[in-house]
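# Descriptive analysis of the structure
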Number of protein chains: 2
Amino acid sequence: MITEAALYMIPVAISDAPPCDFIPRGNMEVVGGIRHYIVENVRTARRFLRRCDPAFPIDECTFSELNSHTDLNEVSSYLNPLRQGIPVGMMSEAGCPGVADPGALVASIAQREGLKVIPLAGPSSILMGLMASGFNGQGFSFNGYLPVDDAAKAKRVRELENIAARTGMTQIFIETPYRNNRTVALLAATLRPDTLLCVASGISDPARESILTLPAAKWGGVRYDYAKIPTIFLISRP
Amino acid sequence: MITEAALYMIPVAISDAPPCDFIPRGNMEVVGGIRHYIVENVRTARRFLRRCDPAFPIDECTFSELNSHTDLNEVSSYLNPLRQGIPVGMMSEAGCPGVADPGALVASIAQREGLKVIPLAGPSSILMGLMASGFNGQGFSFNGYLPVDDAAKAKRVRELENIAARTGMTQIFIETPYRNNRTVALLAATLRPDTLLCVASGISDPARESILTLPAAKWGGVRYDYAKIPTIFLISRP
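Anyway, here's the lowdown on the structure attached to this text. Keep in mind that this is a model prediction, so the values were computed, not measured. (Residues numbered from 1 in each chain as written. Chains lettered and ligands numbered in written order. Predicted model: local features only at pLDDT ≥ 70, side-chain atom pairs only at ≥ 80, totals over all residues. Heavy atoms only, no water.)

## Brief notes about the interface of chain B and chain A
- In this assembly, 52 residues from chain B lie in contact with 51 residues from chain A.
- Where chain B abuts chain A, roughly 3900 Å² becomes buried across the two surfaces, and 59% of that area is made up of carbon and sulfur atoms.
- Where chain B meets chain A, there are zero salt bridges.
- At the boundary of chain B and chain A, one finds 17 residue pairs in polar contact (both at pLDDT 80 or more).
- Those elements that provide at least two residues to the side of chain B that touches chain A are helix H1 (19-22), helix H2 (25-31), helix H6 (104-112), strand S5 (117-119), helix H7 (125-133), strand S6 (140-145) and strand S9 (210-215) of chain B. (Contact = heavy atoms within 4.5 Å. Buried area = accessible area lost by both parts, 1.4 Å probe. Salt bridge = Lys/Arg side-chain N within 4 Å of Asp/Glu carboxyl O. Polar contact = N/O pair within 3.5 Å; in protein donor to acceptor, adjacent residues only side chain to side chain. Helix = DSSP H or I, 4+ residues; strand = E, 2+ residues; numbered from the N terminus.)

What follows is the structure in structure tokens.
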């Protein structure tokens, strides 16, 4: 198969489960034709490619890193191969690039120049958490990270709860994984008792996946340990 | 493989492209162990299963329909097999069940009873449109359908534009496909000239996919025909 000249937004695994369980076969055919990658983390990108296909010619590939250490003035040059008609792939650290990661910048540069951008299907913990939560999927917002400070965090949680109550839209957010347990406790203590809280943790990891929806009042009685496990939080009005 | 007793949220194809190009192989292994399905449309669900695996034992399966014609009092009984320890699958008309379709109701019943819900990875036109738009993926809202009436539609579009301008969150919405062209014209005429509009149409259909981001002012000069093609609309502040 010849991979068309485009910027491909390539989802990667969100757990240590075998990638082919969660990545469509068609993606790997596209990836087979790409030698230029923009990645959030070179090490995990190489590991992903190798896990998908042990014979993948990684040494023929270039990897340009896009993360908080990147000089943003250089990012545009990452698309130089595509400007010459050679496909480029974008992969983030986990899940779908351009969603909750720096990848959107690359897609925006490509769109501005009229370069073709093609998204591939794959796992998204935000969407998979929503699917399993039982919450409104006809209207929802992803709000990124909560503030770090506890008082600011509680204030933000109440804001999101009010939006959910007023609009009926599911409110989704994430937290740095080592703070997960503390955040569940804060949510249980901060939300109104009947507001529904879904904690979706370890999605797509058969050994650790846990997706549980309960009224906030009941979370105080749940035994859980989400420490260091990637987790999505969702709230909904009753 | 033995499919664990759970409600599986099973994504289906969003185009006529070969399903295995967009559906992970692992999903088909799970589906191989499921004989009870809750589906938005029996005909398309059977067709999807047959396209994924021509040998799939469709005649051994039960299909319960969940759509606007369904008596909502009956939906809970669709989970009876799961209450007896037998896995159940939920498939909507297109894409990820529970997102922009009635499937969330089934997941919410399961969650309320403490029945396990497992989401599978797959194509979502909402998320894939976002990935390719170049718009903010650290904060975004999906707002469902626009109002039908033109005046109400323009008012709602301005509301969403104001939210995007104020919060920086990407605003996503959909339209009944036969109204797509008219809606692009309305958006081009209604949005502020520098507001960015992405029209993501025919996602994952190699023959028809078109994902284009331009300032609203430029859409007036674009030749397009999105009539009857499933399309996602996204707006972003400049």
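## Observations concerning the side chain of Thr170(A)
Residues and elements named next belong to chain A.
- Locating Thr170 in the fold gives a position in strand S7 (residues 170-174).
- For Thr170, a relative accessible area of 1% corresponds to the buried category.
- A distance of 2.7 Å separates a polar atom in the side chain of Thr170 from the backbone oxygen of Asn136. (Buried < 20%, exposed > 50% of the residue type's maximum accessible area, 1.4 Å probe, protein only.)

## With respect to the sheet that holds strand S4 (residues 88-91) of chain B
Residue and element names in this part refer to chain B.
- Overall, parallel pairing links the five strands, which are arranged S3-S2-S4-S1-S5 in an open sheet. Among the strands making up the open sheet, the edge pair consists of strand S3 (62-65) and S5. Each strand of the sheet is rotated relative to its neighbour by a mean of 25°, with strand direction disregarded.
- Pairing analysis gives three bridges linking strand S1 (residues 7-9) to S5, with the strands arranged parallel. Along S5, the bridge assignment pairs Met9 with Pro119.
- Strands in contact with helix H3 (residues 42-52) are strand S2 (36-39), S3 and S4; relative to S3, the strand with the most contacts, it is inclined by about 140°.
- On top of the sheet, H6 reaches S1, S2, S4 and S5; it is set at about 145° to S1, its chief contact. (Pairing = 2+ DSSP bridges. Axes fitted to C-alpha atoms, helices over the stretch in contact; angles between N-to-C directions.)

## Concerning the pattern of salt bridges
- Applying the stated criterion to the full structure yields 26 salt bridges over all chains.
- In this structure, Glu159(A) and Arg156(A) form a salt bridge, with 2.8 Å as the shortest nitrogen-oxygen distance. Here Arg156(A) and Glu159(A) lie together in helix H8 (residues 150-167), a separation of three residues that amounts to about one turn.
- Between Arg35(B) and Glu60(B) there is a salt bridge, with the nearest N and O atoms lying 3.2 Å from each other. Note that Arg35(B) is positioned in the loop between H2 and S2 and Glu60(B) in the loop between H3 and S3, a separation of 25 residues in sequence.

## Re the relation of the copies chain B and chain A
- Between the two copies, chain B and chain A, the superposition gives an RMSD of 0.0 Å; the rotation angle is 180° and the shift along the axis is 0.0 Å. With respect to symmetry, the two chain copies, as superposed, fit the operation of a two-fold axis.
- An overlap of 98% is found between the interface residues of chain B and their copies at the interface of chain A, pointing to a shared contact surface. (Least-squares fit on C-alpha atoms with pLDDT ≥ 70 in both.)

## Section: helix H7 (residues 125-133) of chain A
All names here are of chain A.
- By the criterion of burial, H7 is predominantly enclosed, with eight of the nine residues buried.
- Buried within H7 we find Ile126, Leu127, Met128, Gly129, Leu130, Met131, Ala132 and Ser133.
- Just downstream of H7 lies Gly134, where phi reads positive at about 85°.

## Comments concerning the side chain of Asn143(A)
All names here are of chain A.
- Within the fold, Asn143 resides in strand S6 (residues 140-145).
- By relative accessible area, which is 12% here, Asn143 ends up buried.
- Separated by 3.4 Å, the side chain of Asn143 and the backbone oxygen of Ser141 make a polar contact.

## Comments concerning the sheet that holds strand S3 (residues 62-65) of chain A
Residue and element names in this part refer to chain A.
- Spatial strand order, S3-S2-S4-S1-S5: five strands in an open sheet with parallel pairing. Each of the sheet's edge strands pairs with one partner strand only, and the pair in question is S3 and strand S5 (117-119). Strand-to-strand twist across the sheet, computed as the mean angle between neighbouring axes with direction ignored, equals 25°.
- Running at roughly 140° to S3, helix H3 (residues 42-52) makes contact with strand S2 (36-39), S3 and strand S4 (88-91) of the sheet.

## Remarks on the nonpolar core
- Leu7(A), Leu79(A), Phe140(A), Leu7(B) and Leu79(B) are the most contacted members of the largest nonpolar core, which totals 78 residues.
- If we skip the residues at most four places from it in the chain, Leu79(B) touches Leu7(B), Ile38(B), Val88(B), Val106(B), Ile109(B) and Ala110(B). (Core = buried A, V, L, I, M, F, W, Y, C linked by side-chain atoms within 4.5 Å.)

## A closer look at the packing of H8(A) against helix H9 (residues 180-190) of chain A
Residues and elements named next belong to chain A.
- Following both chains from N to C, one finds H8 and H9 inclined at 55°, their axes separated by 10 Å at the closest point. Here H9 runs oblique to H8, going by the angle between their axes. Read as a crossing pair, H8 and H9 show a hand that is right-handed. Residues Asp150, Lys153, Ala154, Val157, Arg158 and Glu161 of H8 form the contact with H9, whose own contacting residues are Arg182, Thr183, Leu186, Leu187 and Thr190.
- Classifying every residue of the contact of H8 with H9 gives four nonpolar, two polar and five charged. (Parallel < 35°, antiparallel > 145°, perpendicular 65-115°, else oblique. Left-handed = near helix turned anticlockwise from the far one by under 90°. Nonpolar A, V, L, I, M, F, W, Y, C, P; charged D, E, K, R; others polar.)

## What about the pairing of strand S10 (residues 231-236) of chain A?
All names here are of chain A.
- For S10, a buried count of six out of six residues is recorded, marking the element as mostly surrounded by other parts of the structure.
- What you see with S10 is no split at all: Thr231, Phe233 and Ile235 on one side and Ile232, Leu234 and Ser236 on the other are buried throughout.
- Alignment of S7 against S10, held across four bridges, turns out to be antiparallel. The partner of Gln171 across the bridge, within S10, is Ile235.
- Examined bridge by bridge, strand S8 (residues 196-201) and S10 share six bridges and lie antiparallel to one another. From the neighbouring strand, Ala200 faces S10, where its bridge partner is Ile232.

## Notes on H6(B)
All names here are of chain B.
- When you tally the buried positions in H6, you get seven out of nine residues, the bulk of the element.
- Considered for burial, the residues of H6 that qualify are Ala104, Val106, Ala107, Ser108, Ile109, Ala110 and Gln111.
- Residue Gly114 follows H6 closely and has a positive phi angle near 75°.

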